[in-house]
Amino acid sequence: MSIETAEAVAAEVTVSGPEVDPPPAAKPRETARRRGNSLQKWALVAIWIVLIAVFGALMPQSFLSAQNFQSLLGSQAILVILTLGLVLPLTTGDYDLSAGAVLSLSAMTIAVLNAQQGWPIWLAVLAALLFGVVVGTINAVVTVLVGIDSLIVTLGMGSIGTGVVLWIGNSQTISGVADALVEAVVGTRLFGVPIAFYYGLLCCIVVWYLFEHTSLGRRMLFTGRGPRVARLSGVNVTRIRFGSLVASSFLAAVAGVLYVGTSSAANPGAGEPMVLPAMAAAFLGTTAIRPGRFNAWGTIVAVYFLSTGITGLALLGIPSFVQNLFYGGTLVLAVVLAKLARRRYVRDDAS
Amino acid sequence: MLNKMWGVTALVLTGTILAGCSSGTSTPAVSVSAGPANLAAAQALLDEYTKVPAFTSPGPAFDAAAAGAGKTIFALPSNSSISFVEQTTTALEEIAKEVGVGVQTYPNQGQTSQWGQGIDTAISTKADLLQLVNGVDPDLVTPQLKNVAAAGIPIVDTHDLDFGQAHNSVVDAFVDGDFVTAGKLIAAWAITATKGKANVLILTSNNYKNSFPVADGMRAEFAADCPSCIQKEVNVNGPDWATKLQSTVQTSLTADPGINYILPTFDGMLTYVIPGIRSAGAVGKVFAASYNGSPDMLDLVRDNGIVRMIVGENPAQIAAAGLDQSLRILAGLEPSADEHLVLRAFTADNVAEAGTPAKLGQGYGDAWHAGYLTTWELG
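Residues numbered from 1 in each chain as written. Chains lettered and ligands numbered in written order. Predicted model: local features only at pLDDT ≥ 70, side-chain atom pairs only at ≥ 80, totals over all residues.

## Structural notes on the overall build of chain B
In terms of regular secondary structure, chain B is built from 13 helices and 12 strands. By the compact-globule yardstick of 21 Å for 379 residues, chain B fits well, its C-alpha radius of gyration being 22 Å. Along the first, second and third principal axes, the C-alpha atoms of chain B reach 65 × 60 × 40 Å. Sequence-distant contacts in chain B: of pairs separated by 6 or more residues, those separated by 24 or more amount to 78%. (Helix = DSSP H or I, 4+ residues; strand = E, 2+ residues; numbered from the N terminus. Rg over C-alpha atoms; globule rule 2.2 N^0.38 Å. Contact = placed C-beta atoms within 7 Å.)

## So, the overall build of chain A
Across its full length, chain A holds 15 helices and 4 strands. When each of the 351 residues of chain A is scored for burial, the buried share is 54%. Residue pairs in contact within chain A that sit at least 24 positions apart in sequence constitute 79% of those at least 6 positions apart. (Buried ≥ 20, exposed ≤ 12 C-beta atoms within 10 Å, placed from the backbone.)

## Brief notes about the sheet that holds strand β2 (residues 72-77) of chain B
Residues and elements named next belong to chain B. Read across the open sheet, the 5 strands follow the order β3-β2-β4-β5-β6; overall the sheet is parallel. The two strands at the open ends of the sheet, each matched to only one other strand, are β3 (102-105) and β6 (173-177). Ignoring which end each strand starts from, the neighbouring axes of this sheet average 25 degrees apart. Where strand β5 (residues 155-162) and β6 come together, 4 bridges link them in parallel fashion. Opposite threonine 158, over in β6, you have valine 175 as the bridge partner. Packed onto the sheet, helix α12 (residues 315-330) meets β2, β4 (129-133), β5 and β6 and runs at close to 140 degrees relative to β5. (Pairing = 2+ DSSP bridges. Axes fitted to C-alpha atoms, helices over the stretch in contact; angles between N-to-C directions.)

## Let's talk about helix α6 (residues 142-150) of chain B
The complete set of buried residues in α6(B) reads B:Thr142, B:Pro143, B:Gln144, B:Leu145 and B:Val148. For α6(B), the elements touching its buried residues are α8 (179-187) and α12 (237-263) of chain A together with α5 (112-124), β4 and β5 of chain B. One or two residues past the end of α6(B) sits B:Gly152, with phi positive at roughly 80 degrees.

## Focus on unusual backbone geometry
Following B:Thr356, the chain continues into B:Pro357 via a peptide bond in cis, with omega recorded as -5 degrees. Positive phi values are uncommon outside glycine, yet A:Asn170 reaches one of about 55 degrees. Of note, A:Asn170 is situated in the loop between α7 (150-168) and β1 (174-175). According to the C-beta neighbour criterion, A:Asn170 is partly exposed, with 14 such atoms within 10 Å.

## Section: the environment of B:Val156
All names here are of chain B. Position of valine 156 among the secondary structure elements: in strand β5. Judged by the 26 C-beta atoms lying within 10 Å of it, valine 156 is buried. Through-space distance from the C-alpha of valine 156 to that of aspartate 172 is 5.9 Å; in sequence the pair is 16 residues apart. Dropping the residues within four chain positions of it, valine 156 is found in contact with Leu129, Gln131, Asp172, Ala173, Val175, Gly322, Gln325, Ser326 and Ile329.

## Quick word on the domain arrangement of chain B
Residue and element names in this part refer to chain B. Domain annotation for chain B reports domain 1 (25-51 + 180-312) and domain 2 (64-178 + 314-341 + 365-375). Inter-centroid distance (C-alpha atoms) of domain 1 to domain 2 is 31 Å. Each partner contributes to the interface: domain 1 provides 8 residues, whereas domain 2 provides 9 residues. Top element by residues in the side of domain 1 that touches domain 2 is helix α7 (residues 179-193). It accounts for 3 residues. Tallied by class, residues from the side of domain 1 that touches domain 2 come to 3 nonpolar, 4 polar and 1 charged. (Domains from an automatic or database assignment. Nonpolar A, V, L, I, M, F, W, Y, C, P; charged D, E, K, R; others polar.)

## Here we look at the pairing of strand β10 (residues 287-292) of chain B
All names here are of chain B. Counting buried positions over the 6 residues of β10 gives 6, a clear majority of the element. Residues Phe287, Ala289 and Tyr291 line one face of β10 and the alternating positions Ala288, Ser290 and Asn292 line the opposite face, and both faces are buried. As defined by bridge partners, strand β9 (residues 261-264) adjoins β10 across 2 bridges and the pair is classed as parallel. Residue pairing for β10: tyrosine 261 is matched across the bridge by phenylalanine 287. In this view, the connection linking β9 to its parallel neighbour β10 by way of helix α10 (residues 270-279) has right-handed handedness. (Right-handed = clockwise from strand over helix to strand, strands pointing away.)

## Notes on the environment of A:Ser75
Of note, A:Ser75 is situated in helix α3 (residues 66-75). A:Ser75 has contacts with B:Ser113, B:Gly116 and B:Gln117, leaving out every residue within four places of it along the chain.

## What to know about the packing of helix α4 (residues 77-91) of chain A against α12(A)
Residues and elements named next belong to chain A. In contact at an axis separation of 8 Å, α4 and α12 are set at 175 degrees when each is read in the N-to-C sense. One finds that α4 runs roughly antiparallel with respect to α12. Judged by residue contacts, Ala77, Ile78, Ile81, Leu82, Leu84, Gly85, Leu86, Leu88 and Pro89 of α4 engage Ser244, Leu245, Ala247, Ser248, Leu251, Ala252, Val254, Ala255, Leu258, Tyr259 and Thr262 from α12. Of the residues belonging to the contact of α4 with α12, the class tally is 16 nonpolar, 4 polar and no charged. (Parallel < 35°, antiparallel > 145°, perpendicular 65-115°, else oblique.)

## Focus: the confidence of the model for chain B
Residue and element names in this part refer to chain B. This prediction gives chain B a mean pLDDT of 90; 92% of its residues lie at or above 70. In the model of chain B, helix α1 (residues 2-23) stands out as the element of lowest mean pLDDT, 44, in contrast to β9, which has the highest, 98. For residues 1-23, every residue scores under 50 in pLDDT, and the model assigns this stretch 33 contacts once sequence neighbours within four places are set aside. Here the complex is predicted with pTM 0.83, and the ipTM for its interfaces comes to 0.77. (pLDDT = per-residue confidence, 0-100.)

## Observations regarding the environment of A:Leu113
All names here are of chain A. Assignment of secondary structure puts leucine 113 in helix α5 (residues 99-116). Given 21 C-beta atoms within a 10 Å radius, leucine 113 is considered buried. The spatial distance from the C-alpha of leucine 113 to the C-alpha of alanine 77 is 24 Å, given a sequence separation of 36 residues. Those residues in contact with leucine 113 that lie beyond four places of it in its chain are Trp119, Ala124 and Ala127.

## Remarks on the interface of chain A and chain B
Each partner contributes residues to the interface: chain A has 49 residues there, and chain B has 42 residues. Mapped by element, the contributors of at least two residues to the side of chain A that touches chain B are α3, α7, α8, α12, α13 (272-285), α14 (296-316) and α15 (321-350) of chain A. The dominant element in the side of chain A that touches chain B, judged by the number of residues it contributes, is α7(A), at 10 residues.

Below is the structure:
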């Protein structure tokens, strides 16, 4: 599903403008439409609950244990933040394929500066975040100001980032990062859940607030749906796209900090394998909560829905290729069902 | 439009150059000295490892059934989508049944977050022991392993490190591989096959920790038995094999037409090395030898073409060794210092013993199985 398709679904699904009372004859149709929208809005959450129930019935001792859920919530915080970062440029119509490399770069920067060079951990973290902003700025300059497709630019920057990671880390895993960071990421727990989960939750709330309650969020949406129209309406499209790409890289760098805090080490290939799951979660998230839009809560539901499935399959001891089938199959199915559901509502409306 | 094209070209070129400089790190060609090659010593080393391996008991016999009764070992493989790892895990489950100890496996695709979740699951399911199988790097999950240790669950790391490498102190016991000897065997083959005139390209993959000892073994053997042999090294990390190995081989052969052997640290790299040799037009002049014992690569040895020798390991014996170490811990015994994981050098002369087509784990005899059963007082 392309960004345009997702946004097209959004344009069809969401009702914009002031609410007006429909004429009496249109009321049943409107009710059916609202019911349909609600169904679509919560369908993924409902399937998630069913999934938990099925795995819970199969493995009540292990799957339904508090520790399993605590582990599930804590371990996906990195993916949550990376995905939320990707959602920003996706909303404004750009891709960021360099996010995985930025995650690796951030993690490796901290490991090299702290474990090898003896920098204080806070300074190493600061440097890592700065690297994220620098990469994001380069992405933004070349994409927005030079006018090259973000897909190509971020792919190239991702490759450069990976090269730098291998270079500074000498192609090796670097361990021995200060315990203070580990303590701040997974060492501290709230209700038994590693604090990393709450960092992800905080990011989700910030992105939700941005999209739903600020004019900037609205302008981002307009920019993504039609940059020309947005520009003619007075939206500073250049600045919006620029900021989204920088913010995406910054959040990828934050995810890198969490990665090091979780592992107390950095390996050169940490981030790249996460890009596709993050993209999958971002697009799957457009089928939930705010159907058709990249949205914060839909994203977090999608991440945890997918990881619930993977965890359940792993606990059952199912061969690992089934995890790929689950990941890909769920994504395609969810998006297709969302599209079909939408067509039905449109047909109902037309009749 | 033209400006865009220039921009794209510049970006791609910059990325390519930087990535090329960093990932495919290479060292200049070296030879230690001009001394004569000790072909007899190299051949003697090879002869020792071309036979079916004998079993060496890892330690005193003990009642394994009693140690494992009612216990569950939580097995965390490094990456279940890798055939060698999957075979080891399957073998572990099967051999554990013979002993009467339960095994719960956590299949995964090698992501650090999945390892972390698996380790947490070992705690939540109250496993009696956590076994890291075939390369779960403890350094990447140290905080989680500390939680395991705090929960009183012992940890065993199997087939991850060589004896000489730094071992993570959170882990209770290790089953170390003899990766240095594997490297020595590869070099010994190149020395004898070229009659002491080896000019080799060593391909490492340093993102995997056991690539280091394999390469160390090669260097040590060249230094000991063929100081005049020429060695050049290039590192290509795992994720880049598909995109960089072939071109690395091709350009290295173009730069130095005297290279007569390519020695990758893992035989999975041969998939990309062979096309590199072919596209450089060096078939019949340049050969390859490596380590692991993947069946498809052993089939190439039987064909007697480019790949001339593979040092193989038996995943079933690795599984038995991991189980032995785990049961010793559960029995309250001292862990074995050396489980004596076996190696076998497969050449055109003995590769048929690995099966036609080759099968993973075949060609190592049955001595290990009978030996472990005796050690566990089950035979």
